[in-house]
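# Topology and contacts: notes
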Amino acid sequence: MQLGLNLQTREQIRLKEQLQAIVTVLSLVNPAICAMMFVHAEAGCSLGRQLIDATKAGLAILVILVGAALVGTQLLHLFGVSLDAFMVAGGGVLAWMGFGMLSSQPTASASTVAQANSEPSLTPLILFAASPGTITGVITLSAAHTQLKLPITALVAIVVAVMVTWLVMLFFARFAGKQDGGGFIRDTMTRLMGLIVLSMGVQFALTGFHSFAA
C-alpha cells in the first residue's frame, strides 16, 4: 500500500513538473508574438504557402531547442559548471527576462513586428522564438529534470510549445490576418507570460541555490 502511494506521489510530481516545463517553454517562445510576426511576414501569401512556411519555421525552432536540450548539460560539464550553479544563473536570466516582458512598453513589441514586416523573412521569427533566453530556459529545464539520461521533461515541453506555436501562427494568418486589434492582445499576453517566466526563474534560482548550499 505504501509503495503504491509513493508511486502515485511520484507520478503526480512528474506531471506537475511536466506542466510547469510546458508553461515555461511556451512563455519563452511566446506564440502570440510569433504569430503576429508570421502574419506580417506572410501578408498576401496563399494558405498553402503559409502552411509550408509555418512548418519550416516550426522545424527550425524545434531543431535549435532540441539541440540545446540534448547537448546543453554536456557543455556545462565540459566547462566545469555544476548543474546547481547553472540553475541559479539560468534562473536569474529567466527572472530578468520575465521582468523585462512584464514591464515592457507596447512600442517595444510593435517595433519587433515592424522589423518582421519590413523584412519579409522568417529568420526574425525563428531568432525570437529560439532566443538565447529560450535556450537558457531549455538547458535549465534539462539540468533540473533528467530521466533515463535524457531530458524527457524538456523535450516534451519543446515539442508541445512548437506545436502550439505552429497552430497559433496558422490560426492568426487564416482568421486574424486582416484585423488590426492584435496589439492589445499581444501586449497582454506578453505581460502574462512575463509574470510566469519571472516566477519560474525565481523558482529555478531558489532550487539551485538550495541544492548548491546543501
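What you are looking at is a predicted structure, and each value in this text was computed from that prediction instead of being measured. (Residues numbered from 1 in each chain as written. Predicted model: local features only at pLDDT ≥ 70, side-chain atom pairs only at ≥ 80, totals over all residues. Heavy atoms only, no water.)

## As for the overall build of the protein
Regarding its fold elements, the protein presents nine helices and zero strands. The secondary structure elements of the protein, listed N-terminal to C-terminal, are α-α-α-α-α-α-α-α-α. Put simply, 91% of the contacts in the protein that link residues at least 6 apart link residues at least 24 apart. Summed over its atoms, the accessible surface of the protein is roughly 11600 Å², and 71% of this surface lies on carbon and sulfur atoms. (Helix = DSSP H or I, 4+ residues; strand = E, 2+ residues; numbered from the N terminus. Contact = heavy atoms within 4.5 Å. Areas by Shrake-Rupley, 256 points an atom, 1.4 Å probe, with all protein chains shown as cover.)

## Focus on helix 7 (residues 132–144)
Here helix 7 contains 13 residues, and its C-alpha end-to-end distance of 18 Å stays within 8% of the 18 Å for a straight helix at 1.5 Å per residue. For helix 7, the set of buried residues is G133, T134, T136, G137, V138, I139, T140, L141, S142 and A143. (Expected span 1.5 Å × (residues − 1). Buried < 20%, exposed > 50% of the residue type's maximum accessible area, 1.4 Å probe, protein only.)

## Details of the packing of helix 3 (residues 47–78) against helix 7
Helix-helix packing is characterised by the crossing angle of the two axes and by the distance between the axes. Relative orientation of the contacting elements helix 3 and helix 7 amounts to 60 degrees, with a least axis distance of 8 Å. Between helix 3 and helix 7, the interaxial angle falls into the category oblique. Remark: the crossing between helix 3 and helix 7 carries right-handed chirality. Here helix 3 contributes I64, L65, A68, A69, G72, T73 and L76 to the contact with helix 7, which in turn contributes T134, I135, V138, I139, S142 and A143. Taken together, the residues of the contact of helix 3 with helix 7 sort by class into nine nonpolar, four polar and no charged. (Axes fitted to C-alpha atoms, helices over the stretch in contact; angles between N-to-C directions. Parallel < 35°, antiparallel > 145°, perpendicular 65-115°, else oblique. Left-handed = near helix turned anticlockwise from the far one by under 90°. Nonpolar A, V, L, I, M, F, W, Y, C, P; charged D, E, K, R; others polar.)

## Observations concerning the packing of helix 4 (residues 83–102) against helix 7
Viewed as axis vectors pointing N to C, helix 4 and helix 7 meet at an angle of 145 degrees, and their least axial separation amounts to 9 Å. Of the two elements, helix 4 crosses helix 7, and the hand of that crossing is left-handed. Contacts between helix 4 and helix 7 involve L83, F86, M87, G90, V93, L94 and M97 from the first element and G133, T136, G137, I139, T140, A143 and A144 from the second. A class-by-class count of the residues in the contact of helix 4 with helix 7 yields nine nonpolar, five polar and no charged.

## What about the confidence of the model for the protein?
When pLDDT is averaged along the protein, the result is 77, and 79% of the positions lie at 70 or above. When the criterion is pLDDT under 50, residues 106–119 qualifies, and its contacts beyond four places in sequence or with other chains add up to 15 contacts. (pLDDT = per-residue confidence, 0-100.)

## Examining the side chain of Q18
On the secondary structure map, Q18 appears in helix 1 (residues 2–29). Assessed through its relative accessible area of 14%, Q18 is described here as buried. Setting aside chain neighbours within four positions, we find Q18 in contact with I152, T153, V156 and A157.

## A look at the pattern of salt bridges
Applying the stated criterion across every chain yields a total of one salt bridge. Ionic pairing is found between R49 and D53, a salt bridge with its closest N-O pair at 2.7 Å. Note that R49 and D53 are positioned in helix 3 at a spacing of four residues, about one turn of the helix. The class of R49 is partly exposed, set by a relative accessible area of 46%. Classification of D53 by relative accessible area gives buried; the value is 7%. (Salt bridge = Lys/Arg side-chain N within 4 Å of Asp/Glu carboxyl O.)

## Some remarks on a nonpolar patch on the surface
The grouping of L70, V71, L75, L78, F79, V81, L150, I152 and V156 at the surface amounts to a nonpolar patch, some 780 Å² of accessible area in total. When residues in the nonpolar patch are grouped by element, the largest group, four residues, is from helix 3. Relative to the helices and strands, F79 resides in the loop between helix 3 and helix 4. (Patch = residues over 30% accessible without salt bridge, like charges linked within 9 Å, V, L, I, M, F, W, Y side chains within 5 Å.)

## Brief notes about the packing of aromatic side chains
All chains considered together, the criterion is met by one aromatic pair. A centroid spacing of 6.3 Å and a plane angle of 70 degrees characterise the contact between F171 and F172, whose relative ring orientation is edge-to-face. F171 gets classed as partly exposed once you look at its relative accessible area, which sits at 47%. (Phe/Tyr/Trp six-rings, centres within 6.5 Å; stacked < 30°, edge-to-face > 60°.)

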